[in-house]
Amino acid sequence: RHTSRFLLTYLTMAPALLWPVTGWASPVLAAAIAFLLLGTENIGVQIEEPFTVLPLDAICGAIELSITDMELQHFGESTVVQKGHTEEEA
C-alpha cells in the first residue's frame, strides 16, 4: 500500500503546494484533486481484489433461489426436496 500512503501524503501537502499559484482557491482545488485521485485509487483497489468487494453471498443465494424455482416449475413440488434431492434419492 505504498501508493495510498504516498497519495495521502501528497494530498495533505497539496494546499500548501498550490497556494503560491492559486491563492485562496487552493483548498477548493486541492479538494477536487483529492476527489479525482482517491476515486482512481479506489478503482485500482477494486480491480486488484474484485472478490472482496462483490457481495458473493447474496449473488449465490439469488442463484440458488432461481434454481430452486426452476426445479419446482419443471418437476413440481412433490418430487423436489430441500437441497436439490428428489424423493427417489432419499
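Numbering of residues starts from 1 in each chain and follows the order in which that chain's sequence is written. This being a predicted model, a pLDDT of at least 70 is required before a residue's local features are given, and a value of 80 or more before pairs of side-chain atoms are given or counted; all residues contribute to the totals for chains, interfaces and linings. To obtain the side-chain values, all non-hydrogen atoms of the structure were included, while hydrogens and water were left out.

Engineer: Explain the overall build of the protein here, please?
Structural biologist: Strands are runs of DSSP state E lasting at least two residues, helices are runs of H or I lasting at least four, and both sets are numbered from the N terminus onward. When helices and strands are tallied, the protein shows four helices and zero strands. Written out in order from the N terminus, the α and β elements of the protein read α-α-α-α. Residue exposure (1.4 Å probe, protein chains only): buried if accessible area is under 20% of the type maximum, exposed if over 50%, otherwise partly exposed. In the protein, buried positions account for 12% of the 90 residues. In the protein, once contacts between residues fewer than 6 apart in sequence are set aside, the share between residues at least 24 apart is 35%. Note on areas: Shrake-Rupley, 1.4 Å probe, and residue coverage restricted to the protein chains presented here. Accessible area of the protein: about 7,500 Å², with a carbon and sulfur share of 68%. Here, residues are in contact when the closest pair of their heavy atoms is within 4.5 Å.

Engineer: Which parts of the structure should I look at to understand the side chain of serine 26?
Structural biologist: Its place among the elements puts serine 26 in helix H2 (residues 26-48). Setting aside residues up to four positions removed in sequence, serine 26 forms contacts with Pro15, Leu18 and Trp19.

Engineer: What's the story with the packing of helix H1 (residues 2-22) against H2 in this structure? I'm lost.
Structural biologist: To characterise two packed helices, one gives the angle between the axes of the helices and the distance between these axes. One can describe the packing of H1 onto H2 by two numbers: an axis separation of 9 Å at closest approach and a directional angle of 155 degrees. On the basis of their axis angle, the class for H1 and H2 is roughly antiparallel. Once H1 is placed against H2, the crossing between them reads as right-handed. Contact residues: Ser4, Leu7, Leu8, Tyr10, Leu11, Ala14, Pro15, Leu18, Trp19 and Thr22 in H1; Ser26, Leu29, Ala30, Ile33, Ala34, Leu37, Leu38 and Glu41 in H2. Residue composition of the contact of H1 with H2, by class: 14 nonpolar, three polar and one charged. Under this scheme, a helix contributes an axis fitted over its contacting stretch, all axes are lines through C-alpha atoms, and angles between N-to-C directions fall in the 0 to 180 degree range. Throughout this description, any angle smaller than 35 degrees is read as roughly parallel, any larger than 145 degrees as roughly antiparallel, any in the 65 to 115 degree range as roughly perpendicular, and the remainder as oblique. Crossing handedness: left-handed means the near helix sits turned counterclockwise from the far one by under a right angle, and right-handed means the same turn made clockwise. Just so you know the grouping, Ala, Val, Leu, Ile, Met, Phe, Trp, Tyr, Cys and Pro go in nonpolar, Asp, Glu, Lys and Arg go in charged, and all remaining residues, Gly too, go in polar.

Engineer: It is not clear to me how the packing of aromatic side chains should be interpreted in this structure. Could you clarify?
Structural biologist: To describe a pair of aromatic rings, one takes the distance between the centres and the angle between the planes. When two rings of Phe, Tyr or Trp (its six-membered ring) have centres within 6.5 Å they constitute a pair, described as stacked for plane angles under 30 degrees, edge-to-face for angles over 60, and tilted for the intermediate range. Per the counting criterion, the structure on display carries one aromatic pair. Measuring from ring centre to ring centre gives 4.9 Å for tryptophan 19 and tryptophan 24, while their planes differ by 80 degrees; the resulting arrangement is edge-to-face.

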